[in-house]
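Survey of secondary and tertiary structure
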Amino acid sequence: RTKEEAVAEAVSNLTQIETIDPAGRPPRPKVAVFGDLYARDNNVINQDLIHFIEDHGGEVVTTPYSEYLKMISGPYLRKWLIEGHYLSALSSQALIATLKMKEKLYYNYFERVLNEPEPEYDEPARVILARYNLRLEHTGESMDNILKIHYIKKHHPEIALAVQASPAFCCPALITEAMAAEIERQTGAPVVSITYDGTGGGQNDVIIPYLKYPRRERRQDG
């Protein structure tokens, strides 16, 4: 059968799951996880980070790779065109256009359970990066991290914590970690960097205080 039929059945099953009315319950602090893709998404290396956050009262804002691609594709396409890599730019642009078309088809089904508009990632990357003294030529993981944390905060302004997951000896992670104070100043959410070096131990324990005593959003006077 087609993927569309499978998606329709999956969403139908999701709509039958009983849910608890959150009214009257304190909201869980929302947590953004960013950083090295492998350390971020591999449950072995990051000591089951997402479940760890959930077990200690937090809620992780997950980012599908299709969304991640839309966040970062603009600067890369522009860079490849400037450098003369026209085939890479054109083929990638065609791939992204196909992705967006397919995603809209499936999003019509998932909208029944999401109950939220499809996010847009159309802000000029140049403007976002300039707040961190970065340029469009600074492509790579550090730039990706900045764009991701910007859009997560934009679409989830209640983010209470940002966790950077990194493997040991990762240069882009060190560069992003050096920008942690500016990320916190721009987003209002504290940044905790966790380095996974394979030595074991409770690497994720450092985030427990941030979940137990989350920072409340600052009120704007006037």
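Residues numbered from 1 in each chain as written. Predicted model: local features only at pLDDT ≥ 70, side-chain atom pairs only at ≥ 80, totals over all residues. Heavy atoms only, no water.

Here's the deal with the packing of aromatic side chains
- For the structure shown, the criterion picks out three aromatic pairs.
- Aromatic side chains tyrosine 121 and tyrosine 151 sit 5.0 Å apart centroid to centroid with 90° between the ring planes, which places their arrangement in the edge-to-face category. One end of the pair, tyrosine 121, is in the loop between helix H5 (86-114) and helix H6 (125-130); the other, tyrosine 151, is in helix H7 (residues 141-155), and 30 residues separate them in sequence.
- Tyrosine 121 gets classed as buried once you look at its relative accessible area, which sits at 17%.
- Tyrosine 151 sits in the buried class, given a relative accessible area of 2%.
- In this arrangement the basic side chain of arginine 40 is found over the ring face of tyrosine 68, its NZ or CZ atom lying 5.5 Å from the centre. (Phe/Tyr/Trp six-rings, centres within 6.5 Å; stacked < 30°, edge-to-face > 60°. Helix = DSSP H or I, 4+ residues; strand = E, 2+ residues; numbered from the N terminus. Buried < 20%, exposed > 50% of the residue type's maximum accessible area, 1.4 Å probe, protein only. Lys NZ or Arg CZ within 6 Å of the ring centre and 35° of its normal.)

Looking at the pattern of salt bridges
- Across all of its chains, the model carries 11 salt bridges by this definition.
- Arginine 40 is the salt-bridge partner of aspartate 41, the closest N and O atoms lying 3.0 Å from each other.
- Aspartate 41 gets classed as partly exposed once you look at its relative accessible area, which sits at 38%.
- Note on arginine 40: relative accessible area 4%, which makes it buried.
- Note that glutamate 83 is salt-bridged to lysine 79, the shortest N-O span being 2.6 Å.
- Under the relative-accessibility criterion, glutamate 83 is labelled partly exposed at 41%.
- Under the relative-accessibility criterion, lysine 79 is labelled partly exposed at 23%.
- Here the salt bridges do not stand alone but share partners, grouping Glu67, Lys70, Glu103, Lys104 and Glu118 into one network. (Salt bridge = Lys/Arg side-chain N within 4 Å of Asp/Glu carboxyl O.)

Topic: the sheet that holds strand E4 (residues 191-196)
- Read across the sheet, four strands follow the order E2-E1-E3-E4 without closing on themselves; strand pairing throughout is parallel. Either end of the sheet is taken by a strand with one partner, and the two such strands are strand E2 (59-61) and E4. Between one strand and the next, the sheet's axes are offset by a mean angle of 30°, whatever the strand orientation.
- As paired elements, strand E1 (residues 30-35) and E2 share three bridges and run parallel to each other. Across the sheet, lysine 30 pairs through a bridge with glutamate 59, a residue of E2. (Pairing = 2+ DSSP bridges. Axes fitted to C-alpha atoms, helices over the stretch in contact; angles between N-to-C directions.)

Examining the nonpolar core
- Formed by 27 residues in total, the largest nonpolar core has its most connected members in Leu129, Ile146 and Leu147.
- Elements with a contribution of two residues or more to this core: E1, helix H4 (65-82), H6, H7, strand E3 (159-167) and helix H9 (180-187).
- The element that contributes the greatest number of residues to this core is H7, accounting for six residues.
- Beyond its immediate chain neighbours, meaning those up to four positions away, leucine 129 contacts Leu134, Arg135, Leu136, Met143, Ile146 and Leu147. (Core = buried A, V, L, I, M, F, W, Y, C linked by side-chain atoms within 4.5 Å. Contact = heavy atoms within 4.5 Å.)

Some remarks on the side chain of threonine 187
- With respect to the helices and strands, the residue threonine 187 is situated in helix H9.
- On the accessibility criterion, threonine 187 (11% relative accessible area) is buried.
- One polar contact links the side chain of threonine 187 to the main-chain carbonyl oxygen of isoleucine 183, over a distance of 2.8 Å.
- Polar side-chain contacts of threonine 187 include one of 3.2 Å to the backbone nitrogen of alanine 189.
- If we ignore the near neighbours within four places in the chain, the residues touching threonine 187 are Tyr132 and Lys153. (Polar contact = N/O pair within 3.5 Å; in protein donor to acceptor, adjacent residues only side chain to side chain.)

A word on the layout of surface pockets
- One number sums up the size of the largest pocket: a volume of about 720 Å³.
- If you list the elements that add at least two residues to the lining of the largest pocket, you get E2, H4, H5 and H7.
- Counting residues per element, the lining of the largest pocket draws most heavily on H5, at four residues.
- Its residues assigned to classes, the lining of the largest pocket shows 12 nonpolar, five polar and five charged. (1 Å grid on protein atoms, 1.4 Å probe; cavity = no way out; pocket = protein on both sides within 12 Å on 5 of 7 lines; lining within 4 Å. Points joined across faces, edges and corners; volume = space filled by probe spheres on them. Nonpolar A, V, L, I, M, F, W, Y, C, P; charged D, E, K, R; others polar.)

These values are about where atoms sit, not about what they do.
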